[in-house]
Amino acid sequence: MSKSLDVDKLEREVKSVYRNVAETPDGEFHFEMGQDLVERLGYDTADLEYVPQAAIDSFAGVGHHFDLAELEPRETVLDLGSGSGMDMFVAALHVTETGSVTGVDMTDEQIENARRLAKEGGFHNVRVRRGHIESLPFDDESFDAVISNGVINLSAEKDRVFAEAYRVLKPGGRLALSDIISETQMPERIKSNADLWAACIGGAEQIDGYREMVERAGFEAVELRENPQYQFISDQAANACQTYGVKSVSLVAHKR
């Protein structure tokens, strides 16, 4: 984290962006959203038939990692930054009603939307908690799997996020996520700009450093792949992609 980054401003900016995502999913954003993106990233169309359409419309993820997560019936899953609930609902289908999925998010409007859609869709095995991914409101060794999509890059304390994910996982559990990284380290003027962090650019960690943080938390067998299907759509983000190699990756790692 940049020492000159205004973390409070960053949280306000991020909440503002994702409040707008929740309330006006058809608005203009620096990232693509919705059905076309979901299908291009590789989500199973058979799963999408059962996911509430409003959750798909509000989907702002950056990749697909359910093949890496390998969720099974009866498992307990935690979704970091669960947003509209899209990935929660997909996970719920995979673990079936014998398992459970918990989402955690800090944006009230997203939480309200996800809870409403879960109720309307009959997802009795889904719940959403208000909280921060750097300080999870759950006991040690509570989950079989932790998932996340396009969220950890928004955190100014990624080390804590990975440490918390490790803490709440059961032994043998796994972390499966998609996120934004950069090939080269970005300069201080970008790393200290809360607006660029909220735009999923400033918080993109250099890929080697990202992997090291995951391993420092205690995870092993880290497998990482790129997601060329994901493309930023704003000029600002496109320039960052060209200059610093900002791009989407998916990752799976295991707890001993």
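Residues numbered from 1 in each chain as written. Predicted model: local features only at pLDDT ≥ 70, side-chain atom pairs only at ≥ 80, totals over all residues. Heavy atoms only, no water.

Within an unreviewed UniProt entry, the label attached to the protein reads Arsenite methyltransferase, and the organism entered is Natronoglomus mannanivorans.

Peer 1: Describe helix H11 (residues 207-216), listing the residues and the values that go with them.
Peer 2: When we look at burial in H11, the residues that qualify are Ile-207, Gly-209, Tyr-210, Met-213 and Val-214. Buried residues of H11, viewed axially, fall in a sector of 165 degrees; they line one side. Its side-chain oxygen placed 2.9 Å from the backbone nitrogen of Asp-208, Gln-206 serves as the N-cap of H11. Following H11 by one or two positions, Gly-218 adopts a phi angle in the positive range, close to 120 degrees. (Buried < 20%, exposed > 50% of the residue type's maximum accessible area, 1.4 Å probe, protein only. Helix = DSSP H or I, 4+ residues; strand = E, 2+ residues; numbered from the N terminus. Arc of directions from axis to C-beta. Polar contact = N/O pair within 3.5 Å; in protein donor to acceptor, adjacent residues only side chain to side chain.)

Peer 1: So what about the pairing of strand S1 (residues 76-80)? Which residues, and what values?
Peer 2: Extensive coverage of S1 is indicated by the burial of five of its five residues. Pairing of S1 with strand S2 (residues 100-105) involves five bridges; the strand directions are parallel. In the sheet register, Asp-79 faces S2, and the bridge partner there is Gly-103. Regarding topology, helix H6 (residues 86-95) serves as the crossover connection from S1 to the parallel S2, and that connection is right-handed. (Pairing = 2+ DSSP bridges. Right-handed = clockwise from strand over helix to strand, strands pointing away.)

Peer 1: Describe the layout of surface pockets, with residues and values.
Peer 2: Taken as a whole, the largest pocket spans an internal volume of roughly 550 Å³. Those elements giving two or more residues to the lining of the largest pocket turn out to be helix H1 (7-23), H6 and S2. When residues in the lining of the largest pocket are grouped by element, the largest group, six residues, is from H1. (1 Å grid on protein atoms, 1.4 Å probe; cavity = no way out; pocket = protein on both sides within 12 Å on 5 of 7 lines; lining within 4 Å. Points joined across faces, edges and corners; volume = space filled by probe spheres on them.)

Peer 1: If you had to explain the environment of Ala-217 to someone new, which residues and values would you point to?
Peer 2: Its place among the elements puts Ala-217 in the loop between H11 and strand S7 (220-226). Discounting residues that sit within four places of it in the chain, Ala-217 has contacts with Phe-162, Ala-163 and Tyr-166. (Contact = heavy atoms within 4.5 Å.)

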